[in-house]
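Listed here are the chains, written in short residue letters.
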Amino acid sequence: MSSSSQHNIEALLKRRYDAGFVTEVEQETVPPGLNEDVIRLISAKKNEPGFLLEWRLKAYRHWLTMEEPRWAHVRYQPIDYQAISYYAAPKQKKDRPKSLDEVDPKLLETYEKLGIPLREQEMLAGVAVDAVFDSVSVATTFKEKLAEHGIIFCSFSEAVQNHPELVEKYLGSVVPYTDNFFAALNSAVFSDGSFVYVPPGVRCPMELSTYFRINAANTGQFERTLIIADEGSYVSYLEGCTAPMRDENQLHAAVVELVALEGAEIKYSTVQNWYPGDEEGRGGIYNFVTKRGACRGRRAKISWTQVETGSAITWKYPSVILEGDESVGEFYSVALTNNCQQADTGTKMVHIGKNTRSTIISKGISAGRGQNAYRGLVRIARSAEGARNYTQCDSLLIGDRCGAHTFPYIEVRNRTAQVEHEATTSKISEDQLFYLMQRGLAAEDAVSMIVNGFCKEVFKELPMEFAVEAQKLLGVSLEGAVG
Amino acid sequence: MSAQPQTRAGAGEAFAAAFRERRGGLPGAGLAWLEGLREQALERFLAVGFPSPRDEDWRYTDVRVLARRLGVPSAGPGPVAEEAVRALAFEGLEAHRIVFVDGFLAPALCAVGPLPEGAAVGGLAEALARDPEALAPWLRLPEGADGLMALNLAFMTDGLHLRLDDGVVLDRPVHVIHLRSGAGASAHLRHVLVLGRGARATVIESVAAVSEAEAVDNQGTTVVLGEGAALDHYHVREAGPRLYHVGAAGVRQEAGSRYVSHDVTLGGRLTRSGIHVELAGEGAECVLNGLYVVGGRQQVDCHTRIEHRSAGAVSRELYKGVLDGRARGAFTGRVVVHPGAQRTDAEQANHNLLLSEDAEADSRPQLEIYADDVKCSHGSTVGELDETALFYLRSRALDEALARSLLIYAFASDVLERMALEPVRRQLERRLTERLLRPEEAEGVI
Amino acid sequence: MLLEIRNLHVSVEGKPILRGIDLAVAAGEVHAIMGPNGSGKSTLANVLAGREGYEVTGGEVLYRGRNLLEMPPEERAREGIFLAFQYPVEVPGVSNIYLLKAAVNAVRKHRGLPELDAMDFLKLVREKLRLVQMDEQFLYRSVNEGFSGGEKKRNEVLQMAVLEPTLGILDETDSGLDIDALRIVSEGVNSLRSPERAFLVVTHYQRLLNYIVPDRVHVLAGGRIIRSGDRTLALELEERGYGWLLDEAARGQAAGQAAS
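Because the structure is predicted, anything quoted here is derived from the model rather than measured.

Draft legend 1. Highlighting the overall build of chain B. Of the regular secondary structure elements, chain B holds eleven helices and 20 strands. Summarising its shape, the C-alpha atoms of chain B cover approximately 70 × 55 × 50 Å along the three principal directions. With 446 residues in all, chain B has 63% of them scored as buried. Looking at chain B alone, contacts between residues at least 24 apart form 84% of all its contacts between residues at least 6 apart.

Draft legend 2. Representation of the environment of A:A442. All names here are of chain A. Here A442 shows up in the loop between α11 (430-438) and α12 (443-459). Residue class for A442 comes out partly exposed when judged on its relative accessible area of 41%. As a C-alpha pair, A442 and Y237 span 205 residues in sequence and 36 Å in three-dimensional space.

Draft legend 3. The arrangement of the interface of chain B and chain C in detail. Tallying the contact residues gives 24 residues for chain B and 33 residues for chain C. Regarding the contact of chain B and chain C, the summed buried area is about 2,200 Å², with carbon and sulfur atoms giving 64% of it. Among the residues chain B hides against chain C, the three largest losses belong to B:F391, B:Y392 and B:R396. Together they make up 35% of the total. The partner of B:R394 in a salt bridge is C:E74, with the nearest N and O atoms 2.6 Å apart. Counting across the chain B and chain C interface gives nine residue pairs in polar contact (both at pLDDT 80 or more). Class assignment for the residues of the side of chain B that touches chain C results in twelve nonpolar, four polar and eight charged.

Draft legend 4. Structural view of the pairing of strand β1 (residues 3-12) of chain C. Residues and elements named next belong to chain C. Bridge count for β1 against strand β4 (residues 55-63) is seven bridges, and the pairing is antiparallel. Across the sheet, the residue bridging to E4 is L62, located in β4. Sheet analysis places β1 next to strand β2 (residues 15-25), joined by eight bridges and oriented antiparallel. Of the residues in β2, the one forming a bridge with S11 is P16.

Draft legend 5. Spotlight on the packing of aromatic side chains. All names here are of chain A. Counted by the stated rule, this structure contains 29 aromatic pairs over all chains. Here W55 and Y177 contribute two aromatic rings whose centre-to-centre distance is 5.9 Å and whose plane-to-plane angle is 80°, an arrangement assigned as edge-to-face. Residue W55 is found in helix α3 (residues 50-64), and its partner Y177 is found in the loop between α9 (164-170) and α10 (181-189); the two are separated by 122 residues along the sequence. By relative accessible area, which is 12% here, W55 ends up buried. Judged by its relative accessible area of 19%, Y177 falls in the buried class.

Draft legend 6. Up close: the interface of chain B and chain A. Facing the 38 residues of chain B at the interface are 34 residues of chain A. The junction of chain B with chain A conceals about 2,900 Å² of combined surface from both sides, 45% of it contributed by carbon and sulfur atoms. Across the chain B-chain A interface, the total number found is four salt bridges. Residues A:R413 and B:E360 are paired through a salt bridge, measuring 3.0 Å at the closest nitrogen-oxygen approach. Counting only elements with at least two residues in the side of chain B that touches chain A, the list comes to β17 (328-337), β19 (360-369) and β20 (374-383) of chain B.

Draft legend 7. Seen up close, unusual backbone geometry. Residue and element names in this part refer to chain B. Notably, R343 is not glycine yet its phi reads approximately 55°, a positive angle. Its location among the elements puts R343 in the loop between β17 and β18 (344-354). R343 sits in the partly exposed class, given a relative accessible area of 48%.

Draft legend 8. Up close: the pattern of salt bridges. Throughout the structure, instances matching the rule amount to 72 salt bridges over all chains. A salt bridge links A:E326 to A:R299, with the nearest nitrogen and oxygen atoms 3.0 Å apart. Highlighted residues: A:E326 in the loop between β12 (319-322) and β13 (328-337) and A:R299 in the loop between β9 (285-295) and β10 (301-308), separated in sequence by 27 residues. A salt bridge links B:E357 to A:R415; the nearest nitrogen and oxygen atoms lie 3.9 Å apart.

Draft legend 9. Structural context of the sheet that holds strand β5 (residues 66-67) of chain C. All names here are of chain C. Taking strand neighbours across the sheet as the criterion, the four strands line up as β2-β1-β4-β5 in an open arrangement whose pairing is antiparallel. Two strands close off the open sheet at either side, each with one partner strand: β2 and β5. Pairing between β4 and β5: two bridges, direction antiparallel. Across the sheet, L62 pairs through a bridge with N67, a residue of β5. Of the strands in this sheet, β1, β2 and β4 are in contact with helix α1 (residues 41-49), which crosses β1 at around 110°.

Draft legend 10. Molecular detail of helix α8 (residues 231-240) of chain C. All names here are of chain C. Regarding α8, the residues found buried are L233, A234 and L237. The buried residues of α8 occupy an angular sector of 100° when projected down its axis, which confines them to one face. Opposite the packed face of α8, turned more than 90 degrees from it, sit the exposed residues E238 and E239. G241 sits one or two positions beyond α8 and adopts a positive phi of about 75°.

Draft legend 11. Examining the packing of helix α4 (residues 118-131) of chain C against helix α5 (residues 149-163) of chain C more closely. Residue and element names in this part refer to chain C. At a closest axis distance of 9 Å, the pairing of α4 and α5 adopts a crossing angle of 135°. In this view, α4 runs oblique relative to α5, as classed from their interaxial angle. The two elements α4 and α5 cross, and the hand of that crossing is right-handed. Packed against α4, whose contacting residues are L124, V125, K128, L129 and L131, the element α5 presents L158, A161 and V162 at the interface. The class makeup of the residues in the contact of α4 with α5 is seven nonpolar, no polar and one charged.

Draft legend 12. Quick peek at the sheet that holds strand β9 (residues 167-171) of chain C. All names here are of chain C. Pairing within the open sheet is mixed, and its six strands lie in the order β6-β9-β10-β3-β11-β12. Among the strands making up the open sheet, the edge pair consists of β6 (81-84) and β12 (224-229). When strand polarity is set aside, the average angle formed by the axes of neighbouring strands in this sheet is 20°. With four bridges connecting them, strand β3 (residues 30-34) and strand β11 (residues 216-221) associate as parallel partners. Bridging from a neighbouring strand, A32 pairs with V217 of β11. Relative to the sheet, α8 contacts β3, β11 and β12, its axis offset from that of β11 by approximately 50°.

Draft legend 13. Molecular detail of the side chain of A:E257. All names here are of chain A. Among the secondary structure elements, E257 is positioned in strand β7 (residues 255-260). By relative accessible area, E257 is classed as buried at 0%. Looking at E257, its side chain comes within polar contact range of the main-chain nitrogen of V174, at 3.0 Å. A polar side-chain atom of E257 sits 2.9 Å from the main-chain amide nitrogen of V175. Every residue in contact with E257, bar those within four places of it in the chain, is listed here: Y170, L171, G172, S173, V174, V175, R224, T225, L226, I227 and R292.

Draft legend 14. Quick peek at the environment of A:D344. All names here are of chain A. Here D344 shows up in strand β14 (residues 342-351). Residue classification places D344 among the buried positions, given a relative accessible area of 0%. C-alpha separation for the pair D344 and W71, spaced 273 residues apart in sequence, amounts to 9.9 Å. In this structure the side chain of D344 is engaged in a polar contact, spanning 2.6 Å, whose partner is the backbone nitrogen of H73.

Draft legend 15. The nonpolar core, seen in detail. Membership of the largest hydrophobic core comes to 125 residues, with the highest contact counts inside it found for B:V424, C:L3, C:I5, C:L8 and C:L48. At eleven residues, the largest contribution of residues to this core is made by helix α9 (residues 400-416) of chain B. Setting aside residues no more than four positions away along its own chain, C:L48 makes contact with C:L3, C:I5, C:V61, C:L68, C:R76, C:I81, C:I169 and C:L200. Counting 83 residues, the second-largest nonpolar core is a separate cluster that includes A:A423, B:V121, B:L288 and B:A359.

Thresholds applied
Residues numbered from 1 in each chain as written. Chains lettered and ligands numbered in written order. Predicted model: local features only at pLDDT ≥ 70, side-chain atom pairs only at ≥ 80, totals over all residues. Heavy atoms only, no water. Helix = DSSP H or I, 4+ residues; strand = E, 2+ residues; numbered from the N terminus. Buried < 20%, exposed > 50% of the residue type's maximum accessible area, 1.4 Å probe, protein only. Contact = heavy atoms within 4.5 Å. Buried area = accessible area lost by both parts, 1.4 Å probe. Salt bridge = Lys/Arg side-chain N within 4 Å of Asp/Glu carboxyl O. Polar contact = N/O pair within 3.5 Å; in protein donor to acceptor, adjacent residues only side chain to side chain. Nonpolar A, V, L, I, M, F, W, Y, C, P; charged D, E, K, R; others polar. Pairing = 2+ DSSP bridges. Phe/Tyr/Trp six-rings, centres within 6.5 Å; stacked < 30°, edge-to-face > 60°. Axes fitted to C-alpha atoms, helices over the stretch in contact; angles between N-to-C directions. Arc of directions from axis to C-beta. Parallel < 35°, antiparallel > 145°, perpendicular 65-115°, else oblique. Left-handed = near helix turned anticlockwise from the far one by under 90°. Core = buried A, V, L, I, M, F, W, Y, C linked by side-chain atoms within 4.5 Å.

Set out below in structure tokens:
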């Protein structure tokens, strides 16, 4: 990443400060910079209970003692944390595009490419349009129906007001504020996010999704999600970042915490397509995210599926702490880097309970000058009698200027454990390409087809509609990757 | 972030003082370039100190335990009986013998036979006295050298010097024996092996101790293989439970050369074996085989790095670990394929068996790839014996204990089978059977 | 009776596979177990040999009047049960000859016989090698490693010939064999037939039974023996397939349910 792109980030952050908020909704913003007063202000504006303010302050004080991690296989200029504005309320309704004519034509174009023509959907007045342009209504739409089942699905801020006991009990219980630099920062300043609680024995009747976050670009980059699946419950949660952000360049440091109690299952799917920057690596999101789940009881299960095609830099390791006996952790990932994108992503599976099982399937695709690293830890504690892990990491290289890297860490302290890791690196075979082209496919379509085949194992873990989007996204993201 | 030297208070000063005191007597004293190197190395050590477990490269080596024992270098060799040396010979192996005791060449224990024209086999100190300029290109402080490597270069007392001119083939292997007598806290040998175009040699290095005293070995090796040269390099570590042994080898390979390493650790309290191979020339090939069979409180950390810098090079790596007692075995292997190194063919595997409740295996097979026309794969396993094979053997009337021992033996001997030098292979196979099988079971297993 | 299986129920990972098997095999007899894929044939073979992962949920198995299911696999082997594996396992690093010798001596010790010395052992093995037409060099290779499908099956029969079991269980020994190998393997087995020894031949196809002629044929389907007969049953199956028999069995079951 060049210093000019860093300049862009700063310029953009400044621009937002100058043109975006202060002039239009001045009373809703705080000036750039971070100190305890800013945190008190954020907490006060959100009318938070005392415990939360205390927690934020502790996180902030701890953050001051930490250093930004440098071990990831990514390069970027230092971030000036005092140049970021840490609180900006959502723009009011009047600021939102009132019709599709006001929407950035580039956004519409991307949606056309994704096969989601917004104009049609607008006429249907369905969920998807809301999902893109309204940050709360999707949750609201389903809230009542979900409430019939006792399921709480709301914004984090609402949860703090209405269910403070749950927030206090679980917040930071999986990702403590001391966990890492970005998690500490998030804990101090997180703006909003979503909150889910599924009561015992309830199978959530629909997929919960966070499409609503997309428009939250204006409010800040530090979301916090907390999902609790009580005993024997099930929930499938989709995090849709399928729309590119309208704003470019941004530090995005989210935290997601999942808690699965005995016999509960959480399936968390992400399709991440934040703005990746342009062909020259200017702009794009720094996506520094901490996602972790804890299987707290017997036979609990947490499954992460991610399709990462966006962001200038991705740094995330959705992990599972397998505490309960016979609990199960899964990580299915497709990460694609094109142009100048960099990704250092993977997972941690920490086996503590007996007969715990984990599966890791990671598919990395590097094109252009993209750098794609898998980094994963499989740790079998002494107590994890009979634990099993299987890991498969495959990398696909498209072009000779990109990089594909695999950095597994395997630490085994129990002799009855079985851990198996395999990795391969290859390029798209000339034979496959020729075969498909001889059957009449254009080179780009042939590549797209081969790449989709390469990712199939992961896509099949996604809910159907997501899988379709993910496939199309890959096609879009690969554009220009083959001459 | 400022690098915080991990040296315990005063240790740096102790080494600096020892350096001031000894420098005049170290080999090559008076040679400006070498004195400069030693000073530079000491400065590096004083600046960076010992590596820390927070350092990714040293994550699995208990450096503090090592550093605590790494006192100032031995001033001279202690006594070693000739029987101790004879006991380390490989049955049926005719070899030139070079013996180092506590970091110094022991001429009385050496036996070097007639050498072909254009071959030099001997001590580094002696070579430095004879023709220092020839060694100058190979004695350097590598960029990013850690504190241990820096200490090695500052204090190097001697080491193996093997030089083969173009086309020279050494028929008889060189058997290098490293012994510790109990004298001195640390020994710093530096070996330089330079093979000209098409030259060939086999070198076996045995590490052992004749005393139970705690001792630290801090060895460094430079291997340079010219075009088409070939070196088979064996390391056999069978020292007692109080030897702390660090070896760091840097290997540079020109086109078409072949480097084969067999790295076997059976003894020693802590062993850190580092091999860094640069496949500089087209079509170069390196094969790194490793086996560690340890128990008690032994620790082994095998650290390899293979850099494919040119097209069409091949690397094959297989490390296996059998860990019993409270032993800890770690493998880190990085394969780097640099831009332009097309048609790279790299395979890497690390497999581990844990035999006890307190043993631990850590494995980090790593690929870093910047070229697209490559065939790279790695695999790693930690686990129990294959249940199907176990059942098969039991269904053939073998009791479970024997079936297990057999499979463990087979797991480990798989690495030894790759050794071309039969006397070495046989001896190691015998060692393994002694450890794993009762005498009546061992018959016929090899 | 050499082997008596009474109402045997077996599950794998909680799923019932065998659902009430009754079978009696006397010394000197050859019984063929036939059936479509997934009927439980291999499960039966493996349970008798004591493989892990098979949970006996009901019934009993008596071998020479003793409870077979209580014995660990090696004890069953020493008591004379030999399983020729459907997929003989490769054991790299352990030579064939070592395994044979260790196995023979374990069996002899169990029977109170002295160990064979090297000369006698080699003599015995060479004689058996001829039986399966294997080259002596196979003895010095790792167990099954790099063997072709046919070589592996011949190696199984070699081991059987050396160990001289009382009950030989052949699990799909014919699968993957060409006609020559099939003949060699069958001749090996036939040469071992004797009044003291019995065989359980598990196979999908009738073909093998042309060479190893059975006294009784049992058809296994859905975890039960749905039909038993003499060797003409096998011939009928070859001609008509399994379909009619399955239909018949289904009708019979339905009728039985209706009656009760």
